[in-house]
Amino acid sequence: MSDGTNTRRGFLSFCTNCLLLILGLLVVAPAVAYVWAPLRRKRGDGGSGGDFVDLGSVADFPLGAWTLRALELVQEDGWKKTPIRHSVYVRRLGGGDPAFEVLSPICSHLGCPINWHPERKQFVCPCHGGIFADDGRFKSGPPPRSMDLLPFEVRAGRLRVRWQDFKIGVAERIPVTA
Ligand code: FES
């Protein structure tokens, strides 16, 4: 065999190995990324402390009136995704800062959903008769504190709200993390 043949054979062998290595990486890399990505992701925020969720255009909210809006989250736990739906009370204020009030409907007594009664201009908890003023302040009954305000932001003319759970049965407003 000539040196030229050996050199050509060595070069072809080198090229073949490189090609196999590249093909191997193309097969393995996506599989590793698929397995690794959910593990790196933070646990979902179906409970609290997550991202702001778009609730619609500012103009969709009537001035000075409470409306109940759905707020949908996706709780991620590894590969499992669970949709979670909350409700929030929203009232657009007449300009100024803050432009909105956003309240959690969860009663601080035992966690029942609070109802808005426009004719009485009061929030009333149907479970044990807790009563709150039209800005969510505690008025009477067993709840230990006022209704919980939720964080919001107005961005590009749209209202975005962040869901937060709070500890029930206590006077302090203590955020509950997932
Ligand atoms: S749960 Fe609301 S008053 Fe008891």
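Just above sits the structure.
Residues numbered from 1 in each chain as written. Predicted model: local features only at pLDDT ≥ 70, side-chain atom pairs only at ≥ 80, totals over all residues.

**Student:** If you had to explain the sheet that holds strand β9 (residues 152-155) to someone new, which residues and values would you point to?
**Tutor:** With respect to topology, three strands assemble into an open sheet ordered β1-β10-β9, the strand pairing being antiparallel. Since the sheet does not close on itself, it has two edges, and those belong to β1 (53-57) and β9, each with one partner. Adjacent strand axes in the sheet meet at a mean angle of 25°, parallel and antiparallel pairs treated alike. Bridge analysis of β9 against strand β10 (residues 158-161) gives four bridges, and the strand direction is antiparallel. From the neighbouring strand, Phe152 faces β10, where its bridge partner is Val161. (Pairing = 2+ DSSP bridges. Helix = DSSP H or I, 4+ residues; strand = E, 2+ residues; numbered from the N terminus. Axes fitted to C-alpha atoms, helices over the stretch in contact; angles between N-to-C directions.)

**Student:** Summarise the pairing of β10; cite the residues concerned and give the values.
**Tutor:** Of the two faces of β10, only one is covered, namely that formed by Leu159 and Val161; the face formed by Arg158 and Arg160 stays uncovered. Sheet analysis places β1 next to β10, joined by four bridges and oriented antiparallel. Residue pairing for β10: Ser57 is matched across the bridge by Arg158. In sequence, β9 turns back onto β10 through a hairpin of two residues, with Ala156 there showing a positive phi of about 50°. (Buried ≥ 20, exposed ≤ 12 C-beta atoms within 10 Å, placed from the backbone.)

**Student:** Tell me about the nonpolar core, and name the residues and values.
**Tutor:** Val88, Val90, Val102, Leu150 and Val161 are the most contacted members of the largest nonpolar core, which totals 23 residues. At the level of secondary structure, the elements contributing two or more residues to this core comprise β2 (66-77), β3 (80-92), β4 (100-103) and β10. Contact partners of Val161, with chain neighbours within four places excluded, come to Phe52, Val53, Leu55, Leu71, Val88, Val102, Leu150 and Phe152. (Core = buried A, V, L, I, M, F, W, Y, C linked by C-beta atoms within 7 Å. Contact = placed C-beta atoms within 7 Å.)

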